[in-house]
Amino acid sequence: MKVLIVGAGGREHALAWRINQSPNLTRLWVAGGNAGTAALAESLDIRANDVEALVAAAREVAADLVIVGPEAPLALGLADRLTALGIPVFGPTQAAAQIEASKSFALDLMRDAGVPCPGYHVFTDQSSALDHLRAHQGPVVVKANGLAAGKGVLLCRDSEQGAAAVKECMSDRAFGEAGDTVVLEEYLSGPEVSVFAFCDGENLAPLVAACDYKRLEDGNHGPNTGGMGSFAQPDFWSPELASEVEQTIMKPVLRAMAERGAPYQGVLYAGLMLTGPDSNPTPKVLEFNCRLGDPETQVVLPLLDSDPLELMLACALGNLDRVPVRWGTKNYVGIVMVSGGYPGQYQTGFEISGLEEDGPEDTMVFHAGTKLGAGGLSSPPLTAGGRVLTVVGGGETIEQATERAYSRLEKISFQGARWRRDIGSAVNQGAAQATG
Ligand code: AMP
Ligand code: GLY
């Protein structure tokens, strides 16, 4: 199979790495890419939201499968365009991608399908939102309705902070048109987990779960980021919980999407909060994404014991029921190394050293914001973004995986590099803190 991956981050490097092991692969391209994918695939200099250029490239290389990493091209209709040309694509149509691109779409769908989610109200004018908040007590979550690049969720201690957040969205337009509609949500608390369902519109593969760390600093302090680390598999992710999530969330959503004429194909990512008592939690959906998570992919794909191309093609073609999908039982931990200053201003162009040194067994380094140096593949790569690398370790236990990941990481350096020292510990399994 000739395969084109779209995207330029750690998620896409992990996809390229795993797909490169498939006996079904004949040639691999990455549209976007970084210094890591350049060692595994041919890079095409195309931005992920340039749908025209992506469609042209898929035709040009005669791709047998296009795998879309990020949400933006899906929300712009890349999958629809490729399907119309007869090119199989892993990733949902524009209509189905609304499950991520419009929070109110996702919430209404869940309400209609009886899927557990926070209570919510949707507002398209600021004064009604503020009126609602005046009658409200306690913490509240304010969300920009549209795609806001992982920002756009404001956790507010009280209705006063809530009112400021509404103004930030609606009159200051901090998230552009994404915040012209806002959702006020019930503030929930509990451990969080990212659950991934590969599906073909009707059938779904066994679920796989991971946790990510969103805050910049140890102990979940500091600003939110794109993700500072991840691990799989969470110890609370039992077969009973997996079955409950499948029956009460994933299956009803797939049915409801098909009924709405927007069958969902690709990977459905549910961001869940486990509410209520630890001994018998109720999983509720905080958000859906229409793609794999980053940095969750970097710890989930090493668990895939089946052929990745067979799996993704089956999702695209609607015959997932005929493909066995298995996830391994090991554990993986991923630590993200970021540029100094991230998620604020940071400098790039620094040489990354130590990548060629082997770490302990079962470790991998996935690139995100990197680019080739002047000497191409034979010279050290340079930093080119906020999140630079994800260093992954595997092991029989989370502790062993954590130890291996950190000992590999210690050999790698670049100017200003920073990372969290507590990835792999259960510190992210607590109530989200209100920051306003
Ligand atoms: P989201 O982008 O919707 O996943 O939100 C980002 C983060 O905000 C989540 O990972 C949670 O920590 C937090 N969050 C989102 N919605 C809620 C909610 N209704 N109650 C409490 N925390 C939330
Ligand atoms: N890890 C969070 C995300 O990919 O949205």
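This is a predicted model, so every value here is computed, not measured. (Residues numbered from 1 in each chain as written. Chains lettered and ligands numbered in written order. Predicted model: local features only at pLDDT ≥ 70, side-chain atom pairs only at ≥ 80, totals over all residues. Heavy atoms only, no water.)

A. Spotlight on the packing of aromatic side chains. Summed over all chains, the structure comprises 6 aromatic pairs. Members of the aromatic cluster, joined through ring pairs, are Phe-90, Phe-198 and Trp-327. Between Arg-260 and the ring centre of Phe-105, over which it is positioned, the NZ or CZ distance is 5.8 Å. (Phe/Tyr/Trp six-rings, centres within 6.5 Å; stacked < 30°, edge-to-face > 60°. Lys NZ or Arg CZ within 6 Å of the ring centre and 35° of its normal.)

B. Spotlight on the sheet that holds strand E7 (residues 140-144). With respect to topology, 4 strands assemble into an open sheet ordered E6-E9-E7-E8, the strand pairing being antiparallel. Two strands close off the open sheet at either side, each with one partner strand: strand E6 (120-123) and strand E8 (153-156). Sheet twist, expressed as the average angle between the axes of neighbouring strands with direction ignored, equals 20°. Sheet topology note: the E7/strand E9 (residues 182-186) ladder contains 5 bridges and is antiparallel. Note that in E9 the partner of Lys-143 across the bridge is Val-183. The strands that helix H9 (residues 159-170) touches are E6, E7, E8 and E9; relative to E8, the one it contacts most, it runs at about 160°. (Pairing = 2+ DSSP bridges. Helix = DSSP H or I, 4+ residues; strand = E, 2+ residues; numbered from the N terminus. Axes fitted to C-alpha atoms, helices over the stretch in contact; angles between N-to-C directions. Contact = heavy atoms within 4.5 Å.)

C. Geometry of unusual backbone geometry. Cis geometry marks the peptide bond from Asp-294 to Pro-295, where omega comes out at 15°. At the junction of Tyr-342 and Pro-343, the peptide bond is cis and its omega measures out at 5° in the coordinates. Examined against the element boundaries, Pro-343 turns out to sit in the loop between strand E15 (331-338) and strand E16 (363-367). In the Ramachandran plot, Arg-173 falls in the positive-phi region, its phi being about 50° despite a non-glycine side chain. On the secondary structure map, Arg-173 appears in the loop between H9 and E9. Backbone geometry at Asn-220 places phi at a positive 60°, although glycine is not the residue there. Assignment of secondary structure puts Asn-220 in the loop between strand E11 (208-217) and strand E12 (221-232). On the basis of relative accessible area, Asn-220 is assigned to the buried category, the value being 14%. (Buried < 20%, exposed > 50% of the residue type's maximum accessible area, 1.4 Å probe, protein only.)

D. Quick peek at the site of ligand 1. Neighbouring residues of ligand 1: 16 residues in total, closest Glu-185, Glu-186, Leu-188, Glu-192 and Glu-287. At a separation of 2.9 Å, a nitrogen atom of ligand 1 approaches a polar backbone atom of Leu-188. Here ligand 1 loses 92% of its free accessible area of 470 Å² to cover by the protein chains. Taken together, the elements giving at least two residues each to the shell around ligand 1 come down to E7, E8, E9 and strand E14 (282-289). Per-class residue counts for the shell around ligand 1 are 9 nonpolar, no polar and 7 charged. (Near = heavy atom within 4 Å. Polar contact = N/O pair within 3.5 Å; in protein donor to acceptor, adjacent residues only side chain to side chain. Areas by Shrake-Rupley, 256 points an atom, 1.4 Å probe, with all protein chains shown as cover. Nonpolar A, V, L, I, M, F, W, Y, C, P; charged D, E, K, R; others polar.)

E. Region of the structure containing the pattern of salt bridges. One pass over the structure, following the stated rule, counts 17 salt bridges. In this structure, Arg-27 engages Glu-42 in a salt bridge whose closest nitrogen and oxygen atoms are separated by 2.8 Å. Highlighted residues: Arg-27 in strand E2 (residues 27-32) and Glu-42 in strand E3 (residues 42-44), separated in sequence by 15 residues. According to the relative accessible area criterion, Glu-42 is partly exposed, its value standing at 34%. For Asp-108, the salt bridge is made with Arg-111, and the minimal N-O distance between the two is 3.6 Å. Residue Asp-108 and its partner Arg-111 are both found in helix H7 (residues 103-113); the two are separated by 3 residues, about one turn of the helix. Via salt bridges that share partners, Asp-108, Arg-111, Asp-112 and Arg-260 belong to a single interconnected network. (Salt bridge = Lys/Arg side-chain N within 4 Å of Asp/Glu carboxyl O.)

F. View of H7. When we look at burial in H7, the residues that qualify are Lys-103, Ser-104, Phe-105, Ala-106, Leu-107, Leu-109 and Met-110. Downstream of H7 by a residue or two, Gly-114 has a phi angle that is positive, lying close to 70°.

G. Structural view of the nonpolar core. Val-66, Ile-99, Met-250 and Phe-288 are the most contacted members of the largest nonpolar core, which totals 79 residues. Top element by residues in this core is helix H10 (residues 239-259). It accounts for 9 residues. When near neighbours in sequence (up to four residues on either side) are disregarded, Ile-99 contacts Phe-105, Ala-106, Leu-109, Val-253, Met-257, Tyr-264, Leu-268, Phe-288 and Cys-290. Leu-15, Leu-28, Leu-311 and Cys-315 belong to the second-largest nonpolar core, a separate cluster that totals 41 residues. (Core = buried A, V, L, I, M, F, W, Y, C linked by side-chain atoms within 4.5 Å.)

H. Molecular detail of empty space enclosed by the protein. Under the counting rule described, the total for this entry stands at 2 cavities of 30 Å³ or more. The calculated volume of the largest cavity comes to roughly 80 Å³. Elements with a minimum of two residues in the lining of the largest cavity: helix H6 (94-101), H7 and E14. By residue number, the principal contributor to the lining of the largest cavity is H7, which donates 4 residues. Taken together, the residues of the lining of the largest cavity sort by class into 6 nonpolar, 1 polar and 5 charged. Here the second largest cavity defines a volume of roughly 60 Å³. Taken together, 13 residues line the second largest cavity, and the ones lying closest to its centre are Val-68, Phe-90, Val-267, Arg-291 and Leu-292. Elements supplying a minimum of two residues to the lining of the second largest cavity: helix H1 (10-19) and strand E4 (65-68). In terms of residue class, the lining of the second largest cavity is made up of 9 nonpolar, 2 polar and 2 charged. (1 Å grid on protein atoms, 1.4 Å probe; cavity = no way out; pocket = protein on both sides within 12 Å on 5 of 7 lines; lining within 4 Å. Points joined across faces, edges and corners; volume = space filled by probe spheres on them.)

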